Amino acid sequence: MKFGVSALVTDEGIGPASLGRALEERGFESLFVGEHTHIPVKRETPWPGGGELMRELYRTIDPFVVLTAAAVVTERLLLGGGVFQVAQRDPLTLAKQIASLDLISGGRVVAGVGAGWNREEIRNHGTEPRTRMALMRERVLAMKALWTEEEAEFHGDFVSFDPVFSWPKPVQRPHPPVMVGGNHPAAVERVLDYGDDWGLIWLPMMREGEHALGPVIADFRRRAEERGRGYIPVTAYQVPPDREVVASIVEAGADRILFTLPTVPEDDTLRSLDAMAALFV
């Protein structure tokens, strides 16, 4: 089992270089970081986590700055988008950013992607929320073309460009794995369509009963085989550092566990990492 953390790295918590170094020193496999360019003050979209909106969501440092800072002070740590908000980013620029990070890190990038939940934020980027999933699909496919073709082109309903040169190419071949996040059946279909990893958000209901994680992953593996996709890894997000929970996820067949790291001062973060590493790493 691979153990990593997912975090919202902000100007009020541990710095990205210190975090990356601390994770690698303690044997963690990966760092996945989330992002929001901003949060509109007037907000109609409810926060999926329930309750008040977390302060960290509108104070995140740009994920490529965070992951680059972590990359230059580490040698083995995987660097993941957790997730890159594809519906809010130009695919030509995003493809170059991911490829550049993969190059300078020596091939350590996991391109976690999502379409976002905050409709007001999405609209501020000129994107229609109702079509954001179709837009994300085309942008991911366009980025794969940019990463793998010398003269790349793409023509879809939302993304279209004639042959272009786009360099650098990623170190990883054919490209960094694209991890598609989400638990909804439609999200699973997106993973099977164009994903290379499934970012599954762990929920307490997945411990037993009809929503138990084992059958969910088994069904996913069966569908992937039927689609000719072969073995697609599963990453479990938002996992509490609890022995029983971790054991159940391991038994269910997931490949990676990401513990959620609170946004707190550096000393508190290091103590949390020490406790997690002592139990699981």
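Worth saying up front: this structure is predicted, and the values here are computed from it rather than measured.

Q: Tell me about the packing of helix α6 (residues 185–194) against helix α7 (residues 213–226), residues and numbers included.
A: Interhelical geometry of α6 versus α7 gives an angle of 40° and a closest axis separation of 10 Å. Judged by the inter-axis angle, α6 sits oblique to α7. Note that α6 runs across α7; the crossing there is right-handed. Within the contact between the two elements, α6 uses Val-188, Glu-189, Val-191 and Leu-192 and α7 uses Phe-220, Arg-223 and Ala-224. For the contact of α6 with α7, the per-class residue count stands at five nonpolar, no polar and two charged.

Q: Provide a residue-level description of the side chain of Glu-120, including the pertinent values.
A: Topologically, Glu-120 is positioned in helix α4 (residues 119–124). No salt bridge is formed by the buried Glu-120, whose closest oppositely charged neighbour, Arg-123, lies at an N-O distance of 4.1 Å. A polar atom in the side chain of Glu-120 sits 3.2 Å from the backbone nitrogen of Glu-44. Within the structure, the side chain of Glu-120 is placed 3.0 Å from the side chain of Thr-45, a separation counted as a polar contact.

Q: Please give an account of unusual backbone geometry that cites residues and values.
A: The omega torsion across Trp-167 and Pro-168 is 5°, close enough to zero to call that bond cis. As for its position among the elements, Pro-168 is in the loop between β7 (160–164) and β8 (178–181). Cis rather than trans, the peptide bond between Arg-173 and Pro-174 has omega equal to 5°. With respect to the secondary-structure elements, Pro-174 resides in the loop between β7 and β8. Residue Gln-238 is not a glycine yet carries a positive backbone phi of 55°. Here Gln-238 is to be found in strand β10 (residues 234–239).

Q: So what about the environment of Glu-121? Which residues, and what values?
A: For Glu-121, the location among the structural elements is in helix α4. On the basis of relative accessible area, Glu-121 is assigned to the buried category, the value being 1%. Considering only alpha carbons, one finds Glu-121 and Arg-43, 78 residues apart in sequence, at a separation of 8.7 Å. If we ignore the near neighbours within four places in the chain, the residues touching Glu-121 are His-36, Thr-37, His-38, Ile-39, Pro-40 and Gln-88.

Q: Outline helix α3 (residues 91–104), listing residues and values.
A: For α3, built from 14 residues, the straight-helix expectation of 20 Å at 1.5 Å per residue is met to within 8% by its first-to-last C-alpha distance of 20 Å. What α3 keeps buried is the set Pro-91, Leu-94, Ala-95, Ile-98, Ala-99, Leu-101 and Asp-102. Along the long axis of α3, the arc covered by the buried residues comes to 160°, so they all point the same way. Buried residues along α3 sit against α2 (63–72), β3 (78–81), β4 (84–85), β5 (109–114) and α5 (132–148). Count one or two residues on from α3 and you reach Gly-106, which has phi positive near 75°.

Q: I'd like a rundown of empty space enclosed by the protein, residues and numbers included.
A: Within the structure shown, the criterion is met by two cavities of 30 Å³ or more. Taken together, Ala-7, Leu-8, Val-9, Thr-10, Gly-13, Ile-14, Leu-19, Leu-261, Pro-262, Thr-263 and Thr-269 make up the full set of residues lining the largest cavity. Residue composition of the lining of the largest cavity, by class: seven nonpolar, four polar and no charged. Taken as a whole, the second largest cavity encloses approximately 30 Å³ of empty space.

Q: Quick rundown of the nonpolar core? Include the residues and the values.
A: Counting residues in hydrophobic clusters, the biggest one holds 72 residues, and the most contacted among them are Phe-28, Leu-31, Ile-98, Val-239, Ile-249 and Phe-259. With eight residues, α5 is the largest single contributor of residues to this core. Setting aside chain neighbours within four positions, we find Ile-249 in contact with Trp-202, Leu-213, Ala-236, Val-239, Ala-254 and Ile-257.

Basis of the calculations
Note that residues are indexed from 1 along each chain, following the sequence as it is written. Side-chain atom pairs in this predicted model are given and counted only at pLDDT of 80 or more, local residue features only at pLDDT of at least 70, and totals for whole chains, interfaces and linings cover all residues. With hydrogens and water stripped out, all remaining heavy atoms of the structure feed into the side-chain values. The axes are straight lines fitted to the C-alpha atoms, using for helices just the contacting stretch, and the angles between their N-to-C directions are given from 0 to 180°. Strands are runs of DSSP state E lasting at least two residues, helices are runs of H or I lasting at least four, and both sets are numbered from the N terminus onward. When an angle is under 35 degrees it counts as roughly parallel; over 145 it counts as roughly antiparallel; between 65 and 115 it counts as roughly perpendicular; any other value is oblique. Left-handed describes a crossing whose near helix is turned anticlockwise from the far helix through less than a right angle; right-handed describes the clockwise counterpart. Residues count as neighbours in contact if any of their non-hydrogen atoms are within 4.5 Å of one another. Throughout, the ten residues Ala, Val, Leu, Ile, Met, Phe, Trp, Tyr, Cys and Pro are labelled nonpolar, Asp, Glu, Lys and Arg are labelled charged, and all others, Gly among them, are labelled polar. For every residue, the accessible area (1.4 Å probe, protein chains only) is compared with the maximum for its type, and the residue is labelled buried under 20%, exposed over 50%, or partly exposed between those bounds. In this charge count, Lys and Arg are treated as positive and Asp and Glu as negative; neither His nor the chain ends contribute. We count a salt bridge whenever a side-chain nitrogen from Lys or Arg sits within 4 Å of a carboxyl oxygen from Asp or Glu. N or O atoms within 3.5 Å of each other form a polar contact, as long as, within protein, one can give a hydrogen and the other can take it, and as long as residues adjacent in sequence are counted only when both atoms are side-chain atoms. The span one expects for a helix is its residue count, reduced by one, times 1.5 Å. Arc definition: it is the arc formed by the directions from the helix axis to the C-beta atoms. Throughout, the protein atoms alone are placed on a 1 Å grid, and a set of points is a cavity if a 1.4 Å probe fits but cannot get out or a pocket if it is open with protein on both sides within 12 Å along at least five of seven lines; lining residues have an atom within 4 Å of a point. Grid points are joined across faces, edges and corners, and a volume is the space filled by probe spheres set on the points. To form a nonpolar core, buried Ala, Val, Leu, Ile, Met, Phe, Trp, Tyr and Cys residues must be joined to one another through side-chain atoms within 4.5 Å.

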